[in-house]
Amino acid sequence: MLTPPEAFKCLAEETRARAILLIAEQGELCVCELMCALENNQSKVSRHLAQLRSAGLLLDRRQGQWVYYRLNPDLPQWLHDVLRVTAASNASWLKDSTTRLDTMVGRPERAASCC
């Protein structure tokens, strides 16, 4: 069971906070989409995603060459509420990342059976 100190410690780093809020908003994102949105290299993005996954906040799946990340559906409701309220209250903080993601050229196509 994820405790508040574990969750908040994991989300206290800006890259992880932005990544999880973007994933929560979009439903699922791959590493290359997060690289574009966050303006970071693959190793940094992957390292932060691995930390979020290890903490149980994210799940991943492979589709061809892409690895997609989504929120763990088993997260406690309080954490879903925190993420929702944080994203809604901080749209301007996420705006640049969201704009880069929305205008990304060559975004990968998801399979029709995607969750």
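Model, not experiment: these values are computed from the prediction.

Trainee: Talk me through the sheet that holds strand S2 (residues 58-63); I want residue IDs and the actual numbers.
Mentor: Taken in spatial order, the 3 strands make up an open sheet running S1-S3-S2, and their pairing is antiparallel. Of all strands in the sheet, those with a lone pairing partner are strand S1 (29-30) and S2, marking the two edges. Where S2 meets strand S3 (residues 66-71), 6 bridges bridge the pair, whose relative direction is antiparallel. Across the sheet, residue Leu58 finds its bridge partner in S3, namely Leu71. In the packing of helix H4 (residues 42-54) onto the sheet, the strands contacted are S2 and S3, and the crossing angle to S2 comes to about 120 degrees.

Trainee: Can you lay out the packing of helix H2 (residues 14-26) against helix H3 (residues 31-38) for me, pointing to particular residues and giving the numbers?
Mentor: Across the interface, H2 lies against H3 with an axial gap of 11 Å and an inter-helix angle of 120 degrees. Of the possible angle classes, the one that applies to H2 and H3 is oblique. For the crossing formed where H2 meets H3, the hand is right-handed. Contacts from Thr15, Arg18, Ala19, Leu22 and Ile23 in H2 reach Leu34, Ala37 and Leu38 in H3. Here the residues of the contact of H2 with H3 are counted per class, giving 6 nonpolar, 1 polar and 1 charged.

Trainee: I'd love a proper account of helix H1 (residues 4-11), names of residues and values included.
Mentor: For H1, the complete set of buried residues consists of Ala7, Cys10 and Leu11. Projected onto a plane normal to the axis of H1, the buried residues spread over an arc of 95 degrees and lie on a single side. Residues of H1 that are exposed and point more than 90 degrees away from the buried face comprise Pro5 and Lys9. Taken together, the buried residues of H1 touch H2, H4 and helix H5 (77-89).

Rules behind the numbers
- Note on numbering: residues in each chain are counted from 1, in written sequence order.
- Local features are withheld for residues below a pLDDT of 70 in this predicted model, meaning they are given only at 70 or higher, and side-chain atom pairs are given and counted only at 80 or more; totals for whole chains, interfaces and linings count all residues.
- To obtain the side-chain values, all non-hydrogen atoms of the structure were used and water was disregarded.
- Being paired, for any two strands, means DSSP has found at least two bridges between them.
- We count a stretch as a helix when DSSP gives it H or I for four or more residues in a row; a strand needs E for two or more, and each element gets its number in order from the N terminus.
- We call two residues in contact whenever any of their non-hydrogen atoms come within 4.5 Å of each other.
- To obtain each axis, a line is fitted to C-alpha atoms, and for helices this fit is confined to the stretch in contact; angles are then taken between N-to-C directions over 0 to 180 degrees.
- Any angle between 65 and 115 degrees counts as roughly perpendicular, while under 35 counts as roughly parallel, over 145 as roughly antiparallel, and the rest as oblique.
- Each helix crossing is assigned a hand: it is left-handed if the near helix lies turned anticlockwise from the far helix by less than a right angle, otherwise right-handed if that turn is clockwise.
- When residue character is reported, Ala, Val, Leu, Ile, Met, Phe, Trp, Tyr, Cys and Pro are called nonpolar, Asp, Glu, Lys and Arg charged, and the others, Gly included, polar.
- Exposed residues in this analysis have more than 50% of their type's maximum accessible area, buried residues have under 20%, and partly exposed residues fall in between, with area computed by a 1.4 Å probe over protein chains only.
- Arc definition: directions from the helix axis to the C-beta atoms.

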